[in-house]
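# Summary of structural features
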Amino acid sequence: MTRATTVRAVLAAAVLLVSVLITLTMSPRLGLDLQGGTRMVLQAKDSDTAKADRESTDRTLEVLRQRIDSLGVAEPTLTRSGEDRIIVELPDVQDPRKAAEVIGRTAQLSFHAVQGQGTPTDEKPGASGTPGSEKSGAGPTLPDEQGRALDLGPARLSGAGVKDATAAFDGQQGAGWTVSLDFHKAAGRDWTRLTGEAACHPVQDDRRRVAIVLDQQIISSPQVSPSVGCNAGLPSGSTQITGSFSADEARELALLIKGGALPLPVEIVEQRTVGPTLGAAAIDASARAALIGAAATALFITVVYRLFGALAAVALAAYGLISYAALVALGVTLTLPGLAGFVLAIGMAVDANVLVFERAREEHTQHPGRSLRSSLTAGFRGAWSAVADSNVTTLIAAGLLFFLGSGPVKGFGVTLAIGVLASMFSALVIARALTEIAAGSRFVSDYRGVNGISGPGRVRTWLTRRDPRLMRSPRRWLLISSALVAVAVLGILVRGVNLGVEFTGGRLVEYSTSRPVDVERARTALAGAGFGDAEVTTAGAGDLSVRTGKLDNDGEHALRAALAEEGGKTTKVRDELIGPSLGDELRRNALIALGIAVLVQLAYLAIRFRWTFAVGSVAALVHDVIILVGAFAWLGRTVDGIFLAALLTVIGYSVNDSVVVFDRVRELWAKARRQPVAEVANRAVLQTVPRTLNTGMGALFILTALAVLGGDSLADFALALLIGICVGTYSSVMTAVPAALVLERSSKAPPPARKRAPGRRSGTGTARRDPLDNGARV
């Protein structure tokens, strides 16, 4: 065993040990659908500057969403109820009272010049000259950190001018925990003027101080440094709030400032515990489906690649353990779609192993005299660029979705990034260590039929014999793709997109029954009455909460009657119209994040490959998105938050698939620069077809199990991914490559430069015939 193999084995063992410890000692944070959580009803109130109407309540909701994200609560549900109420549902909150306190804070931040020391009186708050009072042409009189009353000037700068706020421990200056503020450009100039005016007063004069006020309370009033000259001010555009904060207080203050002030003050009028939106039976069915699908994928890869396939299946199990431990350690909220996507990632994580094994098969076929270890090493080396490029593009998308998105989009970005990194580690470290150890054994060397890479494989053998000319007429494939897109667009226009309650809003009704009703029985009864999309949870002391889409009064009577069959006398205790939980701003941010992710991927692919290849990849991506949405429109299926997660998964899969094909085109074209690009592309497609089919099959086993055995809760999710992966597999070959070929005909760019083969010394080696190169020498 070589030193490199030993290092990989030790590193793999260390990571697996840490993952096992995390799994055994830490509990996962479960979402509302799996565990339930806390539901708060907030009442928005009129303020001096805004009336509690629908528009201002929606703005308040978005500020609350930012605060909740900053609190570290992932996958919350926020909906507007009526004109002036907001329903907030938080999964697995450790301290609901503290969350409620932070959520309900108004957080009006302002910066004031200090006019001098005031004279506090014993009069009631609000009287002239008392703390908190407003004087004509001046600001309030408020107590500072030491309790002394300060007369403040009018607010010179508000919290809206703050670009970022971070909590940090300042041990060098002895200030303890502080909050650092960075201002926007215009606000930074205001801050410079404010501190410059204060610096005109003598040192130790109260008028040399600047008061930072949060919700009519001075939280810090620092003196401007003696080194700052009159009217010069602090030019940095930033400041630091000190005030003997604890770590929690500093973090809470930072997130309040960063999240922004509430447009309206809110009051918590109700707080209760709610049960999971999915019952135990649905969760158990989904878990069984996931296990069966993962086992089928492991069996499939073992049959195709034999011993090395079995070792890759072990690496996939390790991947699952590492990913789960990372999700738990980072406190990511696990929802059922997220877990299903996590299981699907196990099927897609096989891709890196398949790439390596197929390259090793090629190497062994081209160089029959090579040792098994040498072929395997060449396979890892040859697959590296495809693995790196496909995963980098996915990481780019994940990072942008996290930093630019919010709510479920942000959570998806975290899960996607963890999956990609764990996948690369399992394939390039764990699987490589296992297969290299196996390749060095005498048994595997003597009986090469058991290793799985000594032969070309059935698909490659069939393609070699048939030698189809798929890229002879690329425009024909583009016409077929255009026809599929046209059919999808027609479905969107004719049938319309059936948006779920997350996008459109609906109705929330709570009932009290004379007999206790199990949630599963209630769901079954409602589904039998035609309310299959209704979301049922327990609410408080045995009440049932039903959230559904558009529902008229006749529909509500039918819904109540269906519950009465199970629970006896059924009384309605609440009936409210609710807005969408995926509101306009959240959808807009998601689209912006997705658009920027696509553009950045386009730029990356153009730099790493060619602009024609980049445009072809993005064309295939758009093709897949339109067809998936159109298919759901024709089928009348609901487009909701679960569909959004599936759509993002399909986008990542589509780009990944296209990158693998174009990586092979680039490699072969660099070796045969005088050969027509259409012939090179045809050869690249044929060489990557075995990988494409085997990777797709690994994912389809899991998805089929989820669709058939996972129950109604995952049916639409699995269906969307089944359609998306099938369409993505097609488009990566029959849309991306033909589009690039058509663009290449009008491009005058030279073929890619030939690079020296990795690990091959100049002047050594013999050219071998590629079984799919149609006579060309490489």
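Everything below is about the structure shown above.
The structure presented is a predicted model; accordingly, all values stated were derived computationally and were not measured.

Cut-off values and rules
- Residues numbered from 1 in each chain as written.
- Predicted model: local features only at pLDDT ≥ 70, side-chain atom pairs only at ≥ 80, totals over all residues.
- Heavy atoms only, no water.
- Helix = DSSP H or I, 4+ residues; strand = E, 2+ residues; numbered from the N terminus.
- Buried < 20%, exposed > 50% of the residue type's maximum accessible area, 1.4 Å probe, protein only.
- Contact = heavy atoms within 4.5 Å.
- Areas by Shrake-Rupley, 256 points an atom, 1.4 Å probe, with all protein chains shown as cover.
- Salt bridge = Lys/Arg side-chain N within 4 Å of Asp/Glu carboxyl O.
- Core = buried A, V, L, I, M, F, W, Y, C linked by side-chain atoms within 4.5 Å.
- Phe/Tyr/Trp six-rings, centres within 6.5 Å; stacked < 30°, edge-to-face > 60°.
- Lys NZ or Arg CZ within 6 Å of the ring centre and 35° of its normal.
- Axes fitted to C-alpha atoms, helices over the stretch in contact; angles between N-to-C directions.
- Parallel < 35°, antiparallel > 145°, perpendicular 65-115°, else oblique.
- Left-handed = near helix turned anticlockwise from the far one by under 90°.
- Nonpolar A, V, L, I, M, F, W, Y, C, P; charged D, E, K, R; others polar.
- Pairing = 2+ DSSP bridges.
- Polar contact = N/O pair within 3.5 Å; in protein donor to acceptor, adjacent residues only side chain to side chain.
- 1 Å grid on protein atoms, 1.4 Å probe; cavity = no way out; pocket = protein on both sides within 12 Å on 5 of 7 lines; lining within 4 Å.
- Points joined across faces, edges and corners; volume = space filled by probe spheres on them.
- Expected span 1.5 Å × (residues − 1).
- Disulfide = S-S within 2.5 Å.
- Arc of directions from axis to C-beta.

Attention now goes to the overall build of the protein. Across its full length, the protein carries 21 helices and 20 strands. Out of the 778 residues in the protein, the part that is buried amounts to 51%. Look at the contacts in the protein between residues 6 or more apart in sequence, and 79% of them connect residues 24 or more apart. About 33,900 Å² of surface is accessible on the protein, with carbon and sulfur atoms providing 58% of the total.

Let us now look at the pattern of salt bridges. Within this structure, the stated rule accounts for 33 salt bridges. Glu89 serves as the salt-bridge partner of Arg39, at 2.7 Å between the closest nitrogen and oxygen. Taken together, the residues span a long stretch of sequence, with Arg39 in strand S2 (residues 37–44) and Glu89 in strand S4 (residues 85–91) at a distance of 50 residues. The residue Asp663 makes a salt bridge to Arg666 at a minimum N-O spacing of 2.7 Å. Of this pair, Asp663 and Arg666 both sit in helix H18 (residues 641–671), separated by three residues, roughly a single helical turn. With respect to class, Asp663 is no different from Arg666; both count as buried. Connected through salt bridges with shared partners, the residues Arg39, Arg85, Glu89, Glu510, Glu535, Arg547, Arg574 and Glu576 form a single ionic network.

Met471, Leu628, Phe643, Phe662, Leu706 and Val737 are the most contacted members of the largest nonpolar core, which has 71 residues in total. Tallying contributions element by element places H18 first for this core, with 14 residues. The next biggest cluster of nonpolar side chains, apart from the first, holds 40 residues, and it includes Ala12, Ile301, Phe357 and Ile430.

A few words now on the environment of Gly724. By the element assignment, Gly724 lies in helix H20 (residues 712–734). Gly724 gets classed as buried once you look at its relative accessible area, which sits at 2%. Sequence separation of Gly724 and Val629 is 95 residues, and the distance between their C-alpha atoms is 9.6 Å. With residues up to four places along the chain from it excluded, the contact list for Gly724 reads Leu628 and Val650.

A full pass over the atoms with the stated rule returns ten aromatic pairs. On the basis of an interplanar angle of 50° and a centroid distance of 5.2 Å, the ring pair of Tyr305 and Phe357 is categorised as tilted. On the criterion of sequence distance, the pair formed by Tyr305 in helix H6 (residues 280–329) and Phe357 in helix H7 (residues 336–366) is long-range, its members being 52 residues apart. Each member of the pair Tyr305 and Phe357 is classed as buried. Chaining the aromatic ring pairs together yields one cluster made of Phe111, Phe183 and Trp191. It is Arg476 that lies over the ring of Trp477; its NZ or CZ is 5.3 Å from the centre.

When two helices pack together, their arrangement is given by the angle between the helix axes and by the axis-to-axis distance. Relative orientation of the contacting elements helix H17 (residues 611–635) and H18 amounts to 150°, with a least axis distance of 9 Å. Overall, the two elements H17 and H18 adopt an arrangement that is roughly antiparallel. With respect to the hand of their crossing, H17 and H18 are arranged in right-handed fashion. Contacts from Phe613, Gly616, Ser617, Ala620, Leu621, Asp624, Val625, Leu628, Val629 and Phe632 in H17 reach Phe643, Leu647, Val650, Ile651, Ser654, Val655, Ser658, Phe662, Val665, Arg666 and Trp669 in H18. For the contact of H17 with H18, the residue count by class is 15 nonpolar, four polar and two charged.

The next point concerns the packing of helix H12 (residues 474–494) against H17. Packing of H12 against H17 brings their axes to within 7 Å, and their N-to-C directions diverge by 45°. One finds that H12 runs oblique with respect to H17. The handedness of the crossing between H12 and H17 comes out as left-handed. Every residue of H17 that contacts H12 at Ser481, Leu484, Val485, Val487, Ala488, Val489, Leu490, Gly491 and Ile492 is listed here: His623, Ile626, Ile627, Val629, Gly630, Ala633 and Trp634.

Let us look at the pairing of S2. Where burial is concerned, most of S2 is hidden: eight out of the eight residues are buried. Two strands pair when backbone bridges link them, and S2 and S4 are joined in this way by seven bridges, in the antiparallel orientation. Across the sheet, the residue bridging to Gln43 is Arg85, located in S4.

Time to look at unusual backbone geometry. Positive phi is not limited to glycine here, since Asn231 has a value of about 65°. Looking at where Asn231 falls in the secondary structure, it is placed in the loop between strand S11 (218–220) and strand S12 (238–245). For Arg306, which is not a glycine, the phi torsion comes out positive at approximately 55°. Along the chain, the position of Arg306 falls in helix H6. The partly exposed category is assigned to Arg306, whose relative accessible area is 44%.

Across the sheet, which stays open at both edges, the three strands sit in the order S8-S9-S12 with antiparallel pairing between neighbours. The open sheet has two edge strands, strand S8 (162–170) and S12, and neither has a second partner. With direction set aside, neighbouring strand axes in the sheet form an average angle of 25°. Here five bridges tie strand S9 (residues 176–183) to S12, and the two strands are oriented antiparallel to one another. If you follow Trp177 over to S12, its bridge partner there is Phe245.

The next subject is the side chain of Asn391. Summarising the element assignment, Asn391 is placed in helix H8 (residues 372–404). At 2.6 Å, the side chain of Asn391 forms a polar contact with the backbone oxygen of Val387. Setting aside anything within four residues of it in sequence, one finds Asn391 in contact with Val420 and Met424.

Per the stated rule, a full pass over the model turns up four cavities of 30 Å³ or more. Ala397, Leu401, Phe412, Leu416, Leu594, Ala597, Val598, Gln601, Leu648, Ile651 and Gly652 are the residues that line the largest cavity. Counting residues per element, the ones that place at least two in the lining of the largest cavity are H8, helix H9 (408–439), helix H16 (584–608) and H18. The dominant element in the lining of the largest cavity, judged by the number of residues it contributes, is H16, at four residues.

Our next topic: H18. The end-to-end C-alpha distance of H18 is 46 Å, a good match for the 45 Å that 31 residues give at a rise of 1.5 Å each. Most of H18 sits inside the fold, with 25 of its 31 residues counted as buried.

A few words on the state of the cysteines. Cysteine pairs can be linked by a disulfide, which is a covalent bond between their two sulfur atoms. Per the counting criterion, the structure on display carries one disulfide. The partner cysteine of Cys200 in its disulfide is Cys230, sulfur to sulfur 1.8 Å. Because the sign of the S-S torsion sets the handedness, a value of about 80° for the bond joining Cys200 and Cys230 places this disulfide among the right-handed ones. On the criterion of sequence distance, the pair formed by Cys200 in the loop between helix H4 (185–198) and strand S10 (210–214) and Cys230 in the loop between S11 and S12 is long-range, its members being 30 residues apart. On the basis of relative accessibility, which here comes to 45%, the residue Cys230 falls in the partly exposed class.

Our focus in this paragraph is the sheet that holds S11. Picture the strands of a sheet paired through backbone hydrogen bonds; they go either parallel or antiparallel. Read from one edge of the open sheet, five strands run S6-S7-S5-S10-S11, paired in antiparallel fashion. Since the sheet does not close on itself, it has two edges, and those belong to strand S6 (141–143) and S11, each with one partner. Within this sheet the neighbouring strands show an average axis-to-axis angle of 55°, counted without direction. Contacting strand S5 (109–117), strand S7 (149–158) and S10, H4 crosses the sheet at an angle of about 150° to S7.

Our focus in this paragraph is helix H14 (residues 519–528). Listing the buried residues of H14 in full gives Val519, Ala522, Arg523, Ala525 and Leu526. For H14, the arc enclosing every buried residue in end-on projection is 165°, short of the 170-degree limit, so these residues lie on one face. Those residues of H14 that are exposed and angled more than 90 degrees off the buried face are Thr524 and Gly528. One or two residues past the end of H14 sits Gly530, with phi positive at roughly 95°.

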